Amino acid sequence: MKLLRLGDPGTETPAVLGDNGVTFTLAGLTDDIDGSFLASGGIDRVRAALAGGSLPAVDPTGLRVGAPVARPGKVVCIGLNYRDHAEETGAAVPERPVVFMKDPSTVVGPFDSVLIPRGSAKTDWEVELAVVIGREARYLADPADAAECVAGYAISNDVSEREFQLEFSAQWDIGKSCETFNPLGPWLVTPDEVGDPQDLGLRLTVNGEPRQDGGTKNMIFDVGYLVWYLSQYLVLRPGDVINTGTPAGVALGLPGNPYLRAGDTVELSIDGLGTQRQTFRNA
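Remember, it's a predicted structure, so these values are computed and weren't measured experimentally.

**Q** I'd like to hear about the packing of aromatic side chains, residue by residue, with values.
**A** Inspection of every chain in the model, using the stated rule, returns 6 aromatic pairs. An angle of 55° between the planes, with centres 5.1 Å apart, marks the rings of Tyr229 and Tyr233 as tilted. Grouping aromatic residues by their ring pairs yields a cluster made of Phe221, Tyr225, Trp228, Tyr229 and Tyr233. Looking at Lys2, its charged tip hangs above the ring of Trp187, at a distance of 5.2 Å from the centre.

Structural data, given as structure tokens:
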């Protein structure tokens, strides 16, 4: 299934995209797609309602698409999780996952404008596979246990300001947590529809020019390992988001460092997870 949220910021309505391409509202089934919905078997209820034909259709034309998960409790990010990305940035290939946190309020819709921060000279893009947690993960015994804790997957743009991230602080957070710096969506796609999360192509263009073209098979640490690893140090709760890293092709690693400027348009896609697009403007 593909779950989504439609409407203006703060007043989105939950919906599901049927196999026939028709969008159905979930307004009578749940108030929102959030941690409580995921923790209480919400996906199974939607699946049953969809199969039973009891959901009203809705015309999404002209409606804004919001992030597919409301109010994530936390956004946990993995840095340097593709060998080619580590190499292009001159960083050592990590022996353990590089973990940092991103302000959850950075999460916006997949087609919303992204704000280039005031004083920014090095705003950058990163197409990433996002993992949305559906069941509490706490001290998992084995990476094989992680699958039961995953509600689904989405596209994430882990927008970064490299000067803030790498030059202004020993921590990465201030270069990662600027407002609007995490477009998410358009859909939350359930694992049964995604298939193998380590066999997905990721692509990103800037103003129509290809910049990133990679595959999740090249992750250093795969999804199952990351969920297991994080559960040894954090309690992952329903609605939490994990950004799993980006392949090569970011501005930081390209000749001339073509960082983003106001008016630039970035388009991202991942196999089976749809497409998102943002135009950047000055804050």
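**Q** A description of the side chain of Thr244 should follow, citing residues and the corresponding values.
**A** Mapped onto the secondary structure, Thr244 falls in the loop between strand 17 (241-243) and strand 18 (265-270). A distance of 2.6 Å separates a polar atom in the side chain of Thr244 from the backbone oxygen of Leu129. If we skip the residues at most four places from it in the chain, Thr244 touches Ile78, Asn81, Tyr82, Glu128, Leu129, Val131, Met219 and Leu226.

**Q** Explain the sheet that holds strand 18 to me, and be specific about the residues and the numbers.
**A** Judged by pairing direction, the sheet is mixed, and its 5 strands sit side by side in the order 8-19-18-15-16 without closing on themselves. Both edges of this open sheet fall to strand 8 (114-116) and strand 16 (209-215), since each of them pairs with a single strand only. The average undirected angle you get between the axes of adjacent strands in this sheet is 20°. Pairing of strand 18 with strand 19 (residues 274-282) involves 6 bridges; the strand directions are antiparallel.

**Q** A description of the side chain of Asp124 should follow, citing residues and the corresponding values.
**A** When you line up the elements, Asp124 lands in strand 9 (residues 123-124). By relative accessible area, Asp124 is classed as buried at 0%. In this structure the side chain of Asp124 is engaged in a polar contact, spanning 2.8 Å, whose partner is the backbone nitrogen of Ala251. For Asp124, the residues in contact, after removing those within four places along its chain, are Val159, Ser160, Arg162, Val250, Ala251, Leu252, Tyr259 and Leu260.

**Q** Help me get a handle on unusual backbone geometry, residues and values and all.
**A** Note that the residue after Gly185, namely Pro186, is joined by a cis bond; omega there is 20°. The topology assignment puts Pro186 in the loop between strand 13 (182-183) and strand 14 (188-189). For Asn257, which is not a glycine, the phi torsion comes out positive at approximately 45°. Of note, Asn257 is situated in the loop between strand 17 and strand 18.

**Q** Give me the lowdown on the pairing of strand 2 (residues 13-17), citing residues and values where you can.
**A** With respect to burial, strand 2 is a largely interior element, 4 of its 5 residues being buried. In the sheet, strand 1 (residues 2-6) pairs with strand 2 via 5 bridges, with the strands oriented antiparallel. Among the inter-strand pairings, Leu4 is bridged to a residue of strand 2, identified as Ala15. Between the antiparallel neighbours strand 1 and strand 2 lie 6 residues, among them Gly7 with a positive phi of about 130°. The sheet contact formed by strand 2 and strand 3 (residues 23-25) spans 3 bridges and is antiparallel.

**Q** Break down the layout of surface pockets for me, with residues and values.
**A** Its volume calculated, the largest pocket comes out at about 300 Å³. In this structure, the largest pocket is lined by 18 residues; those nearest its centre are Leu38, Ile43, Arg135, Val150 and Ala151. Take the lining of the largest pocket: its biggest share by element is 4 residues, from helix 2 (residues 42-52). In terms of residue class, the lining of the largest pocket is made up of 8 nonpolar, 4 polar and 6 charged.

**Q** Quick rundown of the pattern of salt bridges? Include the residues and the values.
**A** In this structure the tally under the stated criterion is 20 salt bridges. One salt bridge connects Arg64 with Glu12, and the closest N-O pair in it is separated by 2.9 Å. Here Glu12 lies in the loop between strand 1 and strand 2 and Arg64 lies in the loop between helix 2 and strand 4 (65-66), a separation of 52 residues in the sequence. Among the ionic pairs, Arg277 bridges to Glu267, the shortest N-O distance being 2.8 Å. One end of the pair, Arg277, is in strand 19; the other, Glu267, is in strand 18, and 10 residues separate them in sequence. Arg277 gets classed as partly exposed once you look at its relative accessible area, which sits at 37%. Connected through salt bridges with shared partners, the residues Arg5, Glu12, Asp32, Asp34, Arg64, Arg71 and Asp112 form a single ionic network.

Rules used throughout
- Residues numbered from 1 in each chain as written.
- Predicted model: local features only at pLDDT ≥ 70, side-chain atom pairs only at ≥ 80, totals over all residues.
- Heavy atoms only, no water.
- Phe/Tyr/Trp six-rings, centres within 6.5 Å; stacked < 30°, edge-to-face > 60°.
- Lys NZ or Arg CZ within 6 Å of the ring centre and 35° of its normal.
- Helix = DSSP H or I, 4+ residues; strand = E, 2+ residues; numbered from the N terminus.
- Polar contact = N/O pair within 3.5 Å; in protein donor to acceptor, adjacent residues only side chain to side chain.
- Contact = heavy atoms within 4.5 Å.
- Pairing = 2+ DSSP bridges.
- Axes fitted to C-alpha atoms, helices over the stretch in contact; angles between N-to-C directions.
- Buried < 20%, exposed > 50% of the residue type's maximum accessible area, 1.4 Å probe, protein only.
- 1 Å grid on protein atoms, 1.4 Å probe; cavity = no way out; pocket = protein on both sides within 12 Å on 5 of 7 lines; lining within 4 Å.
- Points joined across faces, edges and corners; volume = space filled by probe spheres on them.
- Nonpolar A, V, L, I, M, F, W, Y, C, P; charged D, E, K, R; others polar.
- Salt bridge = Lys/Arg side-chain N within 4 Å of Asp/Glu carboxyl O.

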